[in-house]
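# An overview of the molecular structure
Listed here are the chains, written in short residue letters.
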Amino acid sequence: GVNPDLASERQTASFSVEKLTAWLDGGAEQTRLRRAVVEAIERDPVFSRENQYFQSQNERYEAAVRKAVHLQKKMHEMGWSQDGPEFKYIDRAVAGDIAFLLHRIFMRSILMLGSNEQIAKWIPLASQYQLIGSYAQTELGHGTYLQGLETTAVFDVTTQEFILNTPKISAMKWWPGDMGRSATHTVVFAQLYVHGKCYGIHPFIVQIRSLQDHSLCPGIIAGDIGPKMNFEHIDNGYLMLQNVRVPRENMLNKFCEVQPDGTYVRRGSQKINYFTMTSVRISLISGEAVAPLMKACTIAIRYSAVRRQSKLKPGEQEAKILDYQTQQEKLLPQLAAAYAFHFINDYLQELFDRGYREIQRKNFDALPELHALSSGFKAMVTQYCTSGVEICLRACGGHGYSLLSGLPSLYTKIIASCIYEGENTILLLQTARFLVKSFMAASTGQSVPPSVTYLAAAKPRKCPAKNKLDFLSPAIYTEAYQHMAVRLISSTAAKLQDLIQSGAKKHDAWNQCTVQLAQAAKAHCHYITVKNFAETVEKLESKAGIQKIMKHLCDLFALHGIFSNAGVFLHDGYISGAQMDMVTASYLDLLAIIRKDAVPLVDAFDFTDKSLNSALGCYDGQVYQRLYEWARKSPTNKQVSPAYEKYLKPLLHNTRSKI
Amino acid sequence: KRRMMMNADLRRERAAATFQPELLTHILDGGAERTRRRKEIEALVLNDPDFQHEDLNFLSRSQRYEQAIRKSSLMVMKLREYGIADPEEIYWFKSFVHRGRPEPLDLHLGMFLPTLLTQATPEQQDRFFMPAWNLEIIGTYAQTEMGHGTHLRGLETTATYDPATQEFILNSPTVTSIKWWPGGLGKTSNHAIVLAQLYTQGQCKGLHAFIVPIRQLGTHEPLPGITVGDIGPKFGYDEMDNGYLKMDNFRIPRENMLMKYAQVEPDGTYVKPLSDKLTYGTMVFIRSLIVGDSARSLSRACTIAIRYSAVRHQSELKPGEPEPQILDYQTQQYKLFPLLATAYAFHFVGAYIKDTYRRISGDINEGDLSELPELHALTAGLKAFTSWTANAGIEECRMACGGHGYSRCSGIPDIYVTFTPSCTYEGENTVMMLQTARFLVKSYTQVSSGQRVTGMVSYLNDLSRQRIQPQHVAARTVTVRINDPVSLVEAYKARAARLVEAAAKNLQAELNHRKSKEDAWNRTSVDLVRASEAHCHYVIVKLFTAKLSEISNAAVRAVLTELCLLYALYGISKNTGDFLQAGILTDAQITQVNQRVKELLAIIRRNAVALVDSFDFHDVHLGSVLGRYDGNVYENMFEWAKKSPLNKTEVHESFHKHLKPMQAKL
């Protein structure tokens, strides 16, 4: 049965959980489909993750390969396809614990960067798993800064081949997933040289392992890069190339080609490369950042409704820890953020789809804005969600530290998202570059992209709020965020200008302003997130109590941001000291209000127990029983440890003579 | 020879330092002689083949446990063989042997033996101490249960006295009462000191400690009535067998209750202890260790991140020039140098608390407990403040190392997972902050009623003068000079006073509106935590500033003054709201503070590597490929990776088992 402490939380929900779930999914039909897919996967014992926390790196890797292979069979059985509506739900069900994720990137890069002939040659082989692909971009010495990559591909006119080399240790490919043990092929990014001239980074398909016995091809040194914080199931690999020759046709040549005589031809816009990155950055937000935060909130909030500790009132039962203000202050802002970012993901997705349609019509105008937004939001959302998951972990006290809580693995996984697909600080600075440029343009009356037109609008000097209830008005707080973003962007732009005018070189001036620039970029994204949340709430019908609770969450998200960044709002007196006390009061009031719906709000995310894989976060709240039973299954309790016979026994029996 | 092999960037960095790192090392160690002795002990361990082993990153959990227990048993024997008995020297030896990681005998050495010494009667010491000293008895300290941690009164294990047999009957009456987490309990120990609610003559007398045998001497099998095991895998602490313990009508003789203070007589009569404040002492001591641990763990992470940032080159700052060291980027400096300053600040705070404890514990033994409440409140808050900051700081260091920080070869993941539970153990941090707040509010109330308070809270005395005018406490103007640490201490003081007063007033307002004290306290707890944080922050800035005047070498003093200024100013720039709202600093001053922080980054830049070298972590202890002293990072990453378990065979068995059959079928 369900733990009564959790059951009582559900009885008092102010809204329909089922309806909220359907709305989050984009309709009841989607919910039905998602549940069917998740159930089919979870019912299949091959996909079980129950033993995951007990397994070694080797065992995790093997299980991931087994699952990846089994998934092919399963998809065939179920009639699911890569392009079908079920596909994104498969990802959710297997929770990333599967091999060959890079195989998909391998295919995607060929589809995007390859010519029609290349697509016709490689894609059927890849979809049939006649080969297993990886994507080798990052090197030991260089990551986000792609121009710095050192692998070389020299065109040999006589044999019509490229000769690939790893000229020094820092040029070794390092980190690509599936490459350490599984991949037979990989797309290698290398500096292209033709007739002694360097043409920059280009992609080449390189075979690295034999299709017969899986041994390494001549000239290839490859292996696993060793244990990491997480992703034990993935064989992130290294790759060293020694005079490896590939035919001219193996350079992906939709946009650039080396002709037989060595003539280099560029087709189309280079900007399209940005578009691939943009698409990846946007696509990771939902699955890699928001979903883990939702899971962490589910675990921590359910557990906080079950765990009782100390007494709030003498003579009464010990209180649920969720009733402590400090606990609410840790968890509820994270819950609000999970919702805020779910909606910002919708916003970005829509923007992206629109941009994609334009690009297909050869209109690249929206690209700079899209690139800036995707970089900034990737950085802001991954950073925010990462710290949110960590807060949830620590809010679960000692039990959060057990792997069986599910939280450590959520955390160690999500933190990688702050680095991959562009290191966050660098991404924020890219956004900042766009913002400064837009600000300059706007202040000289030129037209700017829609998301930054606010930079030109005239602003009131003071926040008009008169009491704490005024701060529950989206117009009031959205304007405060807007004001703050404009101030940070304009003051940074002014400082940059000053430095240059006083004789500093442009790049020096830039470096001296980078701390402020990164802050300004974050402020911009924070503002857009608040604004989008408020607009989303406004568009909702007031049915089923959903709008009301979403409005509370939106208020909480906004006021939490002001409360925890008070200085930037107080700085020019836009918000006064007395108003800041009102913000704090309203913010703390909201915690108590949302507290009542906290459990239904995480239930609405609709994660199954199996996908949470947590002793603390199960739907039925039988926390302690489950923790105890699961721990007893630990191999440390089943196998006899050699330590006793080898070390403990002599220690316990023989010591007197030695000491 | 070492110099020849050194990475050119690091060599340049070290040559450009403006001070001698050794001198700073001596200050951190507490004198040149202490440094010499520390290195001597370090050499004993490093040169001992018994303590060498494979890289732990490649071992499974049970292999790690096995290594740890092997080293622990050798460690105990060698400590005695070498005659190392000073607690600090034991600590060094142990942390070199285990490379900063926990080990299965931690609880035996750190809790079981000391508890016997302080709480056992002479008769009990005769029975248990020597066997435990000789490791025939290996014990642990079983306090935390599944259902309760920091809130001790909630523990549910019972010990019911049976006068007929003169025994205590121990029971775990619920699932939540199962002992959970004690280190060394799962597999290693054969005894445990169990904390249980004592029932005698039908009454509950609260928590008491009992010595409980749990495994058969000889076979090491659990005794009848005892269910014991390992609680499974954790975030870190792989080498520790944290355990569970369930007792079903398990009987122990009356003499197994630790009876130096409280007693149960044969007929079941309960004799109360004289004072319950004494247990404070142990808590203060252990929490003060965590403050030092925060400093050391953060120092290790800073050492790795700063050395690596001096070796790694990336992108371009100036067009056409070679790629710069990433340490030259302002954003990178902004991530790392405030943490470096924090690590130094925490070192000095840790040393201060240790000294204060040592001083006061003399008084305690003579029955003078007057200073204990303040020290207790201060260490609770500082334990929370420093462990939270270090916890986040270690992660920032790791993130500053980009992708490679994520690899276990960086060593930072291990530092993090080992350190992060200190936010929870020995008192959950939020609860600790609220304990400090209780003391602050009490002091504030005393001042309001006209009494004077002493010690670190004496700034609250200024409030009484403010009473005359009905103005906000901090509305008086503090003229803050942002280049003067002493003046910044005043600014932090004003902020603490303002937040303590605000929290106390809000608490009073809640009390005026509501019935229960507990409710009012709960509804103010976010404010109360903020007040405690501000108080702790003030104490740290104050202690760091005070340390500067003790330093005789001018070059060292100069560089530490820069760090102290950075620590204080960065703290302001991260909490500008508090300083602005209280009117302590103006908008213009905040802008200056932000600017000054960036100038200091550029100044500290030239000494950054020397400042982490001064922490003097040996490569073996650091356990990081990225943080190597010689800076030869990339070659060694490759060497390290080749040893990965996945690389044991050229073709992984998964190929034959799964990949090949699939390819054949499709």
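In every chain, residue numbers begin from 1 and rise along the written sequence. Here chains are named by letter from A upward and ligands by number from 1 upward, in the order in which they appear as written. With pLDDT at 70 or above as the cut-off, local features in this predicted model cover only qualifying residues; side-chain atom pairs require 80 or more to be listed or tallied, and sums for whole chains, interfaces and linings still use all residues. The side-chain numbers reported here are obtained from all heavy atoms of the structure, hydrogens and water having been left aside.

### A few points about the domain arrangement of chain B
Interface extent is often summarised as the accessible area lost during association of the parts. Residues and elements named next belong to chain B. The condition is simple: Per the annotation, domain bounds derive from an automatic or database assignment of domains. Note on contacts: a residue pair is in contact if any heavy atoms of the two residues lie within 4.5 Å. When two components associate, each loses some accessible surface as probed by a 1.4 Å sphere; the sum of these losses over both components is called the buried area. Take a side-chain nitrogen of Lys or Arg and a carboxyl oxygen of Asp or Glu: if they are within 4 Å of each other, that pair is a salt bridge. We call two N or O atoms a polar contact when they sit within 3.5 Å, provided that within protein one can donate a hydrogen and the other can accept it, with sequence-adjacent residues counted only if both atoms are side-chain atoms. Under the grouping applied here, Gly and all other residues not named as nonpolar or charged are polar, the nonpolar ones being Ala, Val, Leu, Ile, Met, Phe, Trp, Tyr, Cys and Pro and the charged ones Asp, Glu, Lys and Arg.
Annotation of chain B at the domain level lists domain 1 (114-273) and domain 2 (282-451 + 484-614). Between domain 1 and domain 2, the contact holds four residues from the first and 11 residues from the second. Of the roughly 500 Å² buried where domain 1 meets domain 2, counting both sides, 70% is carbon and sulfur surface. The largest per-residue losses of area from domain 1 upon contact with domain 2 belong to Thr150, Phe235 and Tyr237, which jointly make up 89% of the total buried on that side. Counting the contacts that link domain 1 with domain 2 gives zero salt bridges. Here domain 1 and domain 2 share one residue pair in polar contact (both at pLDDT 80 or more) between them. Residues of the side of domain 1 that touches domain 2, tallied by class, amount to two nonpolar, two polar and no charged.

### A short note on the pairing of strand β6 (residues 203-213) of chain B
As a general feature of sheets, a regular strand has side chains that alternate between the two faces. As a reminder, the rule being used: Each pair of strands is called paired provided DSSP finds at least two bridges between the two strands. The numbering of helices and of strands both runs from the N terminus, where a helix is a DSSP run of H or I of at least 4 residues and a strand a run of E of at least 2.
Of the pairings in the sheet, the one linking strand β5 (residues 191-200) of chain B to β6 of chain B comprises nine bridges and is antiparallel in character. The residue bridging glutamine 197 of chain B from the neighbouring strand is leucine 207 of chain B, located in β6 of chain B.

### As for the sheet that holds strand β8 (residues 243-247) of chain B
Spatial ordering of the open sheet is given by β4-β8-β7 (chain B), a layout of three strands whose pairing is antiparallel. Each of the sheet's edge strands pairs with one partner strand only, and the pair in question is β4 (179-180) and β7 (226-230) of chain B.

### A few points about the UniProt feature "domain: Acyl-CoA oxidase C-terminal" (unreviewed entry) in chain B
Stated formally: UniProt positions are given in the numbering used here, feature names are shortened, and annotations may be inferred rather than shown by experiment.
In the numbering used here, UniProt assigns the feature "domain: Acyl-CoA oxidase C-terminal" (unreviewed entry) to residues 485-662 of chain B. Summarising residues 485-662 of chain B: 76% helix, 0% strand, and an end-to-end C-alpha distance of 69 Å.

### Concerning the interface of chain A and chain B
In this assembly, 129 residues from chain A lie in contact with 128 residues from chain B. Between chain A and chain B the total buried area reaches about 10800 Å² when both faces are included, carbon and sulfur atoms providing 61% of it. Put simply, chain A and chain B have five salt bridges between them. One salt bridge in this structure joins lysine 330 of chain A and glutamate 428 of chain B, with 3.5 Å as the shortest N-O distance. Scanning the region where chain A abuts chain B turns up 58 residue pairs in polar contact (both at pLDDT 80 or more). Of all the elements, helix α24 (residues 642-658) of chain A adds the most residues to the side of chain A that touches chain B, at 13 residues. Residues of the side of chain A that touches chain B, tallied by class, amount to 56 nonpolar, 43 polar and 30 charged.

### Structural notes on the packing of aromatic side chains
What counts here: Pairing of aromatic rings covers Phe, Tyr and the six-membered ring of Trp, with a centre-to-centre limit of 6.5 Å; geometry is then stacked below 30 degrees between planes, edge-to-face above 60, and tilted otherwise. Buried, partly exposed and exposed residues are distinguished by accessible area as a fraction of the type maximum, computed with a 1.4 Å probe on protein chains only: under 20%, between the cut-offs, and over 50%, respectively. Comment: the charge-over-ring label is applied if NZ (Lys) or CZ (Arg) is within 6 Å of the ring centre and within 35 degrees of the ring normal.
Applying the stated rule across the entire model yields 46 aromatic pairs over all chains. Relative to phenylalanine 638 of chain B, the ring of tyrosine 238 of chain A has its centre 5.0 Å away and its plane inclined at 85 degrees; by these criteria the two rings are edge-to-face. With tyrosine 238 of chain A in strand β8 (residues 237-241) and phenylalanine 638 of chain B in helix α24 (residues 633-642), this residue pair bridges two chains. Relative accessible area serves as the criterion here: at 7%, phenylalanine 638 of chain B is assigned to the buried category. The structure contains a cluster of three or more aromatic residues connected by ring pairs, namely Trp23, Tyr339, Phe341, Phe343, Tyr384, Phe533, Phe557 and Phe605 of chain A. When the ring centre of tyrosine 629 of chain B is taken as reference, the NZ or CZ atom of arginine 14 of chain B above it lies at 3.6 Å.

### Section: the domain arrangement of chain A
Residues and elements named next belong to chain A. With domains assigned, chain A is organised as domain 1 (1-43 + 274-658) and domain 2 (133-267). Listed as interface residues are eight residues of domain 1 and, on the opposing side, four residues of domain 2. When the two sides are added together, the surface that domain 1 and domain 2 hide from each other amounts to roughly 590 Å², 72% of it contributed by carbon and sulfur. Our count for the domain 1 to domain 2 interface comes out at zero salt bridges. Along the contact surface separating domain 1 from domain 2 lie three residue pairs in polar contact (both at pLDDT 80 or more). The element that contributes the greatest number of residues to the side of domain 1 that touches domain 2 is helix α12 (residues 407-414), accounting for three residues.

### Description of the UniProt feature "active site" (unreviewed entry) in chain A
All names here are of chain A. In the numbering adopted here, UniProt assigns the feature "active site" (unreviewed entry) to Glu421. Along the chain, glutamate 421 turns up in the loop between α12 and α13 (424-443). When its relative accessible area of 35% is taken as the criterion, glutamate 421 is described as partly exposed. Apart from the residues within four sequence positions on either side, glutamate 421 is in contact with Val280, Arg281, Leu284, Lys378 and Leu427.

### Let's talk about the sheet that holds β8 of chain A
Residues and elements named next belong to chain A. In space, the three strands of this open sheet follow the order β4-β8-β7, with antiparallel pairing throughout. Both outer strands of the open sheet, β4 (173-174) and β7 (220-224), are each paired with one neighbouring strand and no more. Here five bridges tie β7 to β8, and the two strands are oriented antiparallel to one another. Pairing of alanine 222 across the sheet is with leucine 239, part of β8.

### Quick look at the side chain of lysine 228 of chain A
Selection rule: Counting rule for charge: Lys and Arg are taken as positive, Asp and Glu as negative, and neither His nor the chain ends is counted.
Residue placement: lysine 228 of chain A occurs in the loop between β7 and β8. Within the buried set, lysine 228 of chain A has no salt-bridge partner at all; the shortest N-O distance to an opposite charge, 4.8 Å, is to aspartate 224 of chain A. A polar contact of 2.7 Å, which involves the side chain of lysine 228 of chain A, links it to the backbone oxygen of isoleucine 234 of chain A. Ignoring anything within four residues of it in the chain, the contact list for lysine 228 of chain A reads Trp175, Ile234 and Asn236 of chain A together with Tyr406, Ser407 and Arg408 of chain B.

### Remarks on the UniProt feature "domain: Acyl-coenzyme A oxidase N-terminal" (unreviewed entry) in chain A
This chain's UniProt record puts "domain: Acyl-coenzyme A oxidase N-terminal" (unreviewed entry) on residues 16-132 of chain A. The straight-line gap between the two end C-alpha atoms of residues 16-132 of chain A is 46 Å; of that span, 68% is helix and 0% is strand.

### Quick notes on helix α8 (residues 122-133) of chain B
All names here are of chain B. Here is the rule: By this rule, a helix spans an expected 1.5 Å times one less than how many residues it contains. In this context, the arc is that of the directions from the helix axis out to the C-beta atoms.
Between the first and last C-alpha of α8 there are 15 Å, a value that for 12 residues agrees with the 16 Å anticipated at 1.5 Å per step. When we look at burial in α8, the residues that qualify are Gln124, Phe128, Phe129 and Ala132. Considered in projection along α8, the buried side chains sweep an arc of 105 degrees and stay on one side of the axis. More than 90 degrees from the buried face of α8, the exposed residues found are Pro122, Glu123 and Asp126. Looking at the buried residues of α8, the elements they touch are α7 (106-119) and β6. Phi for leucine 135, located one or two positions after α8, is positive at around 65 degrees.

### As for the packing of helix α11 (residues 372-400) of chain B against helix α18 (residues 525-548) of chain B
Packed helix pairs are characterised by how far apart their axes lie and by the angle those axes make with each other. All names here are of chain B. Inclusion rule: Angular values range over 0 to 180 degrees, each being the angle between N-to-C directions of two axes fitted as lines to C-alpha atoms, with helices fitted over their stretch in contact. If an angle is under 35 degrees, it is roughly parallel; if it is over 145, roughly antiparallel; if it lies from 65 to 115, roughly perpendicular; otherwise it is oblique.
Where α11 contacts α18, the two axes come as close as 9 Å, and the packing angle between them is 85 degrees. Our classification of the angle between α11 and α18 gives roughly perpendicular. Counting all contacts with α11, which are made through Leu378, Gly381, Leu382, Phe385, Thr386 and Trp388, the residues of α18 involved are Glu533, His535, Cys536, His537, Val539 and Ile540. Of the residues in the contact of α11 with α18, the class split is seven nonpolar, four polar and one charged.

### Digging into unusual backbone geometry
Peptide bonds are trans in most cases, and residues, glycine excluded, mostly fall at negative phi. Residue and element names in this part refer to chain B. Positive phi, normally seen in glycine, also occurs at tyrosine 237, with a value near 55 degrees. Looking at the secondary structure, you find tyrosine 237 in the loop between β7 and β8. With relative accessibility at 14%, the residue tyrosine 237 sits in the buried group. Although it is not a glycine, glutamate 426 adopts a positive phi angle of roughly 55 degrees. With respect to the helices and strands, the residue glutamate 426 is situated in the loop between α13 (412-419) and α14 (429-448). Among the residues examined, glutamate 426 registers a relative accessible area of 34% and is labelled partly exposed.

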